[in-house]
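As a plain string of letters, each chain reads:
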Amino acid sequence: MSVATRNGNPSVDAPVAPPRVVRQRRVRPGLLGLAVLLIALGGLGSAFAITSVRATGSYLAVAQTVEVGSVLGADDLVAVQVAGGQGLDPVPSGRLAEVIGMRAAVSLAPGTLLTMAQLTDDPLLGPGQQQFALGLRAAQVPAPKLRPGDQVLLVSTPNNNDGNSSGGGSSSATRFTATVTDAVSTEGRDEVVVYLALAVRDVPAVVALAAQDRIAVVLTKAA
């Protein structure tokens, strides 16, 4: 056993404790790999968050109610700044000129982002059709407001000047199908001008009936 002499008292000996050996902890490879993976995932999450915050763009939003079938104007839209936008497909504000003049395929509510799926450029006047303007008194309009895309039925009414038509007018009524392309109220007059898409073959008969004020309009399907 080793002995040591204390300073100042050479006659007193005391045992010296052996040096303490510290065991080194063994790092398990699995834990080390898990730590590296967690660090990597944390870095990716931070990068994703930063990217999401920075992905701010200018998009088009609806400024006022746009009815289905109505043509979009510049006053109907406004540019807004949107951050992120994952899962959305809004129309960038730079495409404003492209969407002006297109029609709403669905009703557009104020404050919502505009998407191309909500718009259409298909003409309401299809092949083999012609447009006809029909003036109606307000009481003759079958709905509070007719919208582009509404489907209507035009029914001929009896000729009041024909004495032979009494009692047989309903059985001899002629029917024509048409699609509303627009409807405009006349200011200062109790009249609504309804623009209709008609089959070319029906136009002459409808024009003749309209001249005699012998047309009743029935709404069959709203747009």
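Predicted model, so just to flag it, every value in this text is computed and none were measured.

Points about the overall build of the protein chain
Link 1 in the chain: Across its full length, the protein chain carries three helices and eleven strands.
Link 2 in the chain: When its helices and strands are written in sequence order, the protein chain yields β-β-α-β-β-α-β-β-β-β-β-β-α-β.
Link 3 in the chain: Each of the 223 residues in the protein chain was classed as buried or not, and the buried ones make up 26%.
Link 4 in the chain: As displayed, the protein chain offers around 15000 Å² of accessible surface, 55% of which is attributable to carbon and sulfur atoms.

A word on the pattern of salt bridges
Link 1 in the chain: Inspection of the entire model under this criterion finds four salt bridges.
Link 2 in the chain: Arg 95 is paired through a salt bridge with Glu 98; the nearest N and O atoms lie 2.7 Å apart.
Link 3 in the chain: Exposure remark for Arg 95: the relative accessible area of 30% places this residue in the partly exposed category.
Link 4 in the chain: Take Glu 98: its relative accessible area is 44%, and that puts it in the partly exposed class.

Overview of the environment of Gly 57
Link 1 in the chain: In this structure, Gly 57 sits in strand β3 (residues 56–62).
Link 2 in the chain: As for Gly 57 and Pro 92, which are separated by 35 residues in sequence, their C-alpha atoms are 7.6 Å apart.
Link 3 in the chain: Once you skip the residues sitting within four places of it in the chain, Gly 57 turns out to touch Val 80, Gln 81 and Val 82.

Overview of the nonpolar core
Link 1 in the chain: Judged by nonpolar contacts, the single largest core of 20 residues is most densely connected at Leu 134, Leu 154 and Leu 196.
Link 2 in the chain: In terms of residues, this core owes the most to one element, strand β10 (residues 191–199), which gives four residues.
Link 3 in the chain: In contact with Leu 134, not counting residues within four places along its chain, are Leu 154, Val 192, Val 193, Val 194, Leu 196, Ala 210, Ile 215 and Val 217.
Link 4 in the chain: Val 62, Val 66, Leu 77 and Leu 119 belong to the second largest nonpolar core, which has twelve residues in total.

Overview of the sheet that holds strand β9 (residues 175–185)
Link 1 in the chain: Taken together, the five strands give an open sheet; going across it, the order is β7-β10-β9-β8-β11, and neighbouring strands pair in antiparallel fashion. A single partner strand is all that each edge strand has here, and the edge strands are β7 (129–137) and β11 (215–221). This sheet shows a mean twist of 40 degrees between the axes of neighbouring strands, independent of strand direction.
Link 2 in the chain: Bridge count between strand β8 (residues 151–156) and β11: six bridges; the pairing is antiparallel.

Structural notes on the environment of Arg 147
Link 1 in the chain: Mapped onto the fold, Arg 147 is located in the loop between β7 and β8.
Link 2 in the chain: Its relative accessible area of 27% is what places Arg 147 among the partly exposed residues.
Link 3 in the chain: Once the C-alpha coordinates of Arg 147 and Val 184 are considered, the two residues, 37 residues apart in sequence, prove to be 9.8 Å apart.
Link 4 in the chain: When sequence neighbours within four positions are dropped, the list of residues in contact with Arg 147 reads Glu 67, Val 68 and Val 180.
Link 5 in the chain: Side-chain polar atoms of Arg 147 contact the side chain of Glu 67, separated by 3.1 Å.

A few points about helix α3 (residues 203–211)
In an α-helix there are 3.6 residues to a turn, and that puts residues three or four apart on one side.
Link 1 in the chain: Looking at α3, one finds that the buried residues are Val 203, Val 206 and Leu 209. Viewed end-on, α3 has its buried residues packed into an arc of 130 degrees, placing them on one side of the element. Exposed side of α3, more than 90 degrees from the buried face: Pro 204 and Ala 211 are the residues found there.
Link 2 in the chain: Packing partners of the buried residues in α3 comprise β7, β8, β9, β10 and β11.
Link 3 in the chain: Immediately downstream of α3, the backbone of Asp 213 shows phi near 55 degrees, a positive value.

With respect to unusual backbone geometry
Link 1 in the chain: For Asp 213, which is not glycine, the phi torsion reads 55 degrees and is therefore positive.
Link 2 in the chain: Following the sequence through the fold, Asp 213 ends up in the loop between α3 and β11.
Link 3 in the chain: Residue classification places Asp 213 among the partly exposed residues on the basis of a relative accessible area of 45%.

Considerations on the confidence of the model for the protein chain
Link 1 in the chain: Residues at a pLDDT of 70 or more form 68% of the protein chain, whose mean pLDDT is 78.
Link 2 in the chain: Considering only residues more than four positions removed or in separate chains, one finds that residues 49–54, a stretch of pLDDT under 50, has four contacts.
Link 3 in the chain: Note on residues 165–170: pLDDT is under 50 here. Beyond four places in sequence and across chains, it has three contacts.

About the criteria used
Residues numbered from 1 in each chain as written. Predicted model: local features only at pLDDT ≥ 70, side-chain atom pairs only at ≥ 80, totals over all residues. Heavy atoms only, no water. Helix = DSSP H or I, 4+ residues; strand = E, 2+ residues; numbered from the N terminus. Buried < 20%, exposed > 50% of the residue type's maximum accessible area, 1.4 Å probe, protein only. Areas by Shrake-Rupley, 256 points an atom, 1.4 Å probe, with all protein chains shown as cover. Salt bridge = Lys/Arg side-chain N within 4 Å of Asp/Glu carboxyl O. Contact = heavy atoms within 4.5 Å. Core = buried A, V, L, I, M, F, W, Y, C linked by side-chain atoms within 4.5 Å. Pairing = 2+ DSSP bridges. Axes fitted to C-alpha atoms, helices over the stretch in contact; angles between N-to-C directions. Polar contact = N/O pair within 3.5 Å; in protein donor to acceptor, adjacent residues only side chain to side chain. Arc of directions from axis to C-beta. pLDDT = per-residue confidence, 0-100.

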